[in-house]
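Chain and residue survey
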Amino acid sequence: MSDQWAAVREVLPVVTARFADLVEANDPAAPATAEWTVADTAAHVVTIASLYTTLLAPEPEVADPVIAARIPTVTVDTVADINTLVLGRFHERNPAALAATLRSSVATVLDLTTGTDPERTVPWLGASRVPVGGVLAHLVNEMLIHGWDIARAVGAPWPVPAREAAPFFDLFIVGMIRNDVGSLFDGAPSNDRRIAVAFRSRHTKPVTLVLHRGRVSVEEPGGPVDVRLGFDPAALHLVLFGRVSRTRAALTGKLRVTGRRPWLLFEFLRAVRMPTNAAPLSEG
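About the criteria used
- Sequence positions are assigned chain by chain, starting from 1 and proceeding in written order.
- Two thresholds apply to this predicted model, a pLDDT of at least 70 for residue-level local features and 80 or more for giving and counting side-chain atom pairs, whereas whole-chain, interface and lining totals are computed over all residues.
- Side-chain numbers here rest on the full set of heavy atoms in the structure, without hydrogens or water.
- Helix and strand labels come from DSSP, where a helix needs a run of H or I of at least four residues and a strand needs a run of E of at least two; each type is numbered from the N terminus.
- For the radius of gyration, the atoms used are the C-alpha atoms, and the globule rule reads 2.2 Å times the number of residues raised to 0.38.
- The rule is simple: take the accessible area with a 1.4 Å probe, protein chains only, and divide by the maximum for that residue type; under 20% is buried, over 50% is exposed, in between is partly exposed.
- Contacts are assigned to residue pairs that have any heavy atoms within 4.5 Å of one another.
- Accessible surface area values rest on a Shrake-Rupley calculation with a 1.4 Å probe, where residue burial reflects the displayed protein chains alone.
- By the counting rule applied here, Lys and Arg register as positive and Asp and Glu as negative, while His and the ends of each chain are not counted.
- Where a charge sits is defined by one atom per residue type, namely NZ (Lys), CZ (Arg), CG (Asp) or CD (Glu).
- Whether a set of points on the 1 Å grid over the protein atoms alone is a cavity depends on a 1.4 Å probe fitting there but being unable to get out, while an open set qualifies as a pocket with protein on both sides within 12 Å along at least five of seven lines; lining residues are those with an atom within 4 Å of a point.
- Grid points are joined across faces, edges and corners, and a volume is the space filled by probe spheres set on the points.
- Residue polarity follows a fixed list, in which Ala, Val, Leu, Ile, Met, Phe, Trp, Tyr, Cys and Pro are nonpolar, Asp, Glu, Lys and Arg are charged, and the others, Gly among them, are polar.
- By this rule the span expected of a helix is its residue count minus one, scaled by 1.5 Å.
- By definition, a residue's bend is the angle between the axes fitted to the seven residues ending there and the seven starting there.
- A pair of strands counts as paired when DSSP detects no fewer than two bridges linking them.
- To get an axis, fit a line to the C-alpha atoms, keeping to the stretch in contact for a helix; angles then go from 0 to 180 degrees between the N-to-C directions.
- Put simply, a salt bridge is a Lys or Arg side-chain nitrogen that is within 4 Å of an Asp or Glu carboxyl oxygen.
- Each polar contact in these results corresponds to two N or O atoms within 3.5 Å; when the atoms are within protein, one needs to be able to donate a hydrogen and the other to accept it, and residues that are neighboring in sequence are counted only if both atoms are side-chain atoms.

Quick notes on the overall build of the protein chain
Helix and strand counts for the protein chain stand at ten helices and seven strands. In terms of overall size, the protein chain behaves like a compact globule, its C-alpha atoms giving a radius of gyration of 18 Å where 284 residues would be expected to give roughly 19 Å. C-alpha atoms of the protein chain, sized along the principal axes, occupy 50 × 45 × 35 Å. The buried share of the protein chain, reckoned over its 284 residues, is 54%. Put simply, 75% of the contacts in the protein chain that link residues at least 6 apart link residues at least 24 apart. Accessible area for the protein chain stands at about 12,300 Å²; split by element, carbon and sulfur atoms hold 54% of it. Charge-centre separation for the protein chain: the mean point of 28 positive side chains lies 9 Å from the mean point of 29 negative side chains.

A closer look at the layout of surface pockets
A probe as big as a water molecule, rolled over the atoms, marks out the empty space that is left. Counted as a void, the largest pocket has a volume near 1,000 Å³. Along the wall of the largest pocket there are 44 residues; nearest its centre are Ile48, Leu51, Ile67, Ile71 and Leu125. Those elements that place two or more of their residues in the lining of the largest pocket are helix 2 (38-55), helix 3 (65-70), helix 4 (79-89), helix 6 (132-154) and helix 7 (162-179). Among the elements that take part in the lining of the largest pocket, helix 2 stands out by supplying eight residues, more than any other. Of the residues assigned to the lining of the largest pocket, the class counts are 30 nonpolar, eight polar and six charged.

Some points on helix 1 (residues 2-24)
Since the α-helix packs 3.6 residues into each turn, any two residues three or four apart lie on the same face. With 23 residues, helix 1 should reach 33 Å at 1.5 Å per residue; the first-to-last C-alpha distance of 34 Å fits that figure. The largest bend in helix 1 comes to about 30°, at Val11, with the proline Pro13 one to four residues further on. Of the residues making up helix 1, those classed as buried are Gln4, Trp5, Ala7, Val8, Val11, Leu12, Val15, Thr16, Phe19, Ala20, Leu22 and Val23. Residues of helix 1 that are buried make contact with helix 2, helix 5 (95-112), helix 6 and helix 7.

Quick notes on the sheet that holds strand 6 (residues 227-231)
Strands in a sheet are paired, the pairing made by backbone hydrogen bonds, and the direction either parallel or antiparallel. Taking strand neighbours across the sheet as the criterion, the five strands line up as 5-4-3-6-7 in an open arrangement whose pairing is mixed. In this open sheet, the two strands that pair with only one neighbour each are strand 5 (215-219) and strand 7 (255-258). Averaged over all pairs of adjacent strands, the angle between their axes in this sheet comes to 20°, without regard to strand direction. Along the sheet face, helix 8 (residues 233-240) touches strand 3 (194-200), strand 6 and strand 7 and points at about 115° away from the line of strand 6. The strands touched by helix 10 (residues 264-271) are strand 3, strand 4 (207-212), strand 6 and strand 7; relative to strand 3, the strand with the most contacts, the crossing angle is about 95°.

Observations concerning the pattern of salt bridges
Using the criterion set out here, one finds 15 salt bridges in the structure. The shortest N-O distance in the salt bridge between Arg18 and Glu164 comes to 2.8 Å. Here Glu164 lies in helix 7 and Arg18 lies in helix 1, a separation of 146 residues in the sequence. A residue is classified by how much of its surface remains accessible, and Arg18, at 22% relative accessible area, is partly exposed. When salt bridges that share partners are traced, they join Asp21, Glu24 and Arg103 into one network.

A word on the side chain of Ser201
When you line up the elements, Ser201 lands in the loop between strand 3 and strand 4. Residue classification places Ser201 among the buried positions, given a relative accessible area of 12%. Of note is the side chain of Ser201, whose polar atom sits 3.1 Å from the backbone oxygen of Phe231. Ser201 has contacts with Phe231 and Pro233, leaving out every residue within four places of it along the chain.

Thoughts on helix 7
Taking 1.5 Å per residue as the helical rise, helix 7 with its 18 residues ought to reach 26 Å, and the 25 Å between its terminal C-alpha atoms agrees with that figure. By the criterion of burial, helix 7 is predominantly enclosed, with 15 of the 18 residues buried.

Regarding the environment of Pro159
In this structure, Pro159 sits in the loop between helix 6 and helix 7. By relative accessible area, Pro159 is classed as partly exposed at 47%. Measuring from C-alpha to C-alpha, the distance between Pro159 and Ala49 comes to 21 Å, with 110 residues separating the pair along the chain.

So, empty space enclosed by the protein
Enumeration over the complete set of coordinates arrives at three cavities of 30 Å³ or more. Counted as a void, the largest cavity has a volume near 70 Å³. Along its surface, the largest cavity is lined by Phe169, Ile173, Phe199, Leu209, Leu236, Leu240, Phe268, Leu269, Val272 and Met274. If you list the elements that add at least two residues to the lining of the largest cavity, you get helix 7, helix 8 and helix 10. For the lining of the largest cavity, the per-class residue count stands at ten nonpolar, no polar and no charged.

What follows is the structure in structure tokens.
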């Protein structure tokens, strides 16, 4: 984890500055997604960064008891509900104020995690447990995904380098699965079939994820697999969050599906899925 931990700490302030500049440079009332304006999207990211300043504190605080009571019961399918609740209770929509709060919160997150063990876990949505490294990677990914939303809507450039995207897969997705996914993936269809998917990218550590009877686990590479997925991290995350279609990602060569039973990838992804709320104005 050490390489990705160093990488995520390096890219977090860089992506924060780029996202904050994007927010300040555009009309806050402009639609960024089918549901949110530019200001709403920025506010969503700010609330996550602010939450992490309390989550990562030596003695975690409960900033809002109403929201805190909902967090352990959240699933992928109800993330939209808690997002609506949080945005309804957070009223700031001024771009300069949002950008300043984001920069301040990220600086606090970095200070709080200086010298910490990146594999130490903290409670997350759905009673899952996420490593501290994964928390920082999740925050980077929120800005990459929602920056993509804003930039696409207003016609601005928004590069998503693989080096910035890769820690989300290694530190957050794999990190959470190694520890405890809680009830986050509850509600997905499941059967007794065992599906093993080998994930391979030159930007991440090789790993095999296994879905069996509705539960997902991590296996070291080298064993038998049903699907082999070669991927560019940025493309994979845009697909997982419903921003780019699987077909487009495959046609551009950024997702490559092979193996004995490649069709099982679709069943795997119906269970091991990410929230796709706040959908883009149109598919990429």
